[in-house]
Amino acid sequence: MLTAVALLLLAACAPGANEAVGTAAPDGTAAVGFWWGLWHGFIAPVTFVVSLFAEGVGVYEVHNTGGWYDFGFLLGVSIFFSGGAGSSGHARGRSRSRR
């Protein structure tokens, strides 16, 4: 019974197909690609906070080119959250070696 409930919950989290991939937005602008995905991923934390208060703001552009937009989005999010982490660890390592 527990396995069936766990499988049902996992199946409910599975994403569906995005019917808007590769199509133009309603205002006529073309589908966005890698570079827009990179930018949207980088600003995603700020956009998320804004989307909590503004009805027309979304975190993810549904009218995209597919895999390249997704790759750019994930790369942008990872740059935002881990951009300075490597440099601060490197600086700490240097200061320890001087002591």
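Our subject is the structure listed above.
Everything numeric in this text was worked out from a predicted model, so none of it was measured.

Procedures and definitions
Residues numbered from 1 in each chain as written. Predicted model: local features only at pLDDT ≥ 70, side-chain atom pairs only at ≥ 80, totals over all residues. Heavy atoms only, no water. Axes fitted to C-alpha atoms, helices over the stretch in contact; angles between N-to-C directions. Helix = DSSP H or I, 4+ residues; strand = E, 2+ residues; numbered from the N terminus. Left-handed = near helix turned anticlockwise from the far one by under 90°. Contact = heavy atoms within 4.5 Å. Nonpolar A, V, L, I, M, F, W, Y, C, P; charged D, E, K, R; others polar. Patch = residues over 30% accessible without salt bridge, like charges linked within 9 Å, V, L, I, M, F, W, Y side chains within 5 Å. Areas by Shrake-Rupley, 256 points an atom, 1.4 Å probe, with all protein chains shown as cover. Salt bridge = Lys/Arg side-chain N within 4 Å of Asp/Glu carboxyl O. Buried < 20%, exposed > 50% of the residue type's maximum accessible area, 1.4 Å probe, protein only.

Trainee: Give me the lowdown on the packing of helix 2 (residues 34–42) against helix 4 (residues 67–82), citing residues and values where you can.
Mentor: In contact at an axis separation of 6 Å, helix 2 and helix 4 are set at 35 degrees when each is read in the N-to-C sense. The crossing of helix 2 and helix 4 is right-handed. Across from Phe-34, Trp-36, Gly-37, Leu-38, His-40, Gly-41 and Phe-42 in helix 2, the residues of helix 4 making contact are Trp-68, Tyr-69, Phe-71, Gly-72, Phe-73, Leu-75, Gly-76, Val-77, Ile-79 and Phe-80. When grouped by side-chain class, the residues that make up the contact of helix 2 with helix 4 number 12 nonpolar, 5 polar and no charged.

Trainee: Tell me about a nonpolar patch on the surface, residues and numbers included.
Mentor: Taken together, the side chains of Trp-36, Trp-39, Phe-42, Trp-68, Phe-71, Leu-75, Ile-79, Phe-80 and Phe-81 define a hydrophobic patch exposed on the protein surface, amounting to about 1000 Å² of accessible area. Where the nonpolar patch is concerned, the elements lending two or more residues are helix 2 and helix 4. Broken down by element, the residue count for the nonpolar patch peaks at 6 residues, all from helix 4. Turning to its location among the elements, Ile-79 is positioned in helix 4. With relative accessibility at 41%, the residue Ile-79 sits in the partly exposed group.

Just distances and angles here, no functional claims.
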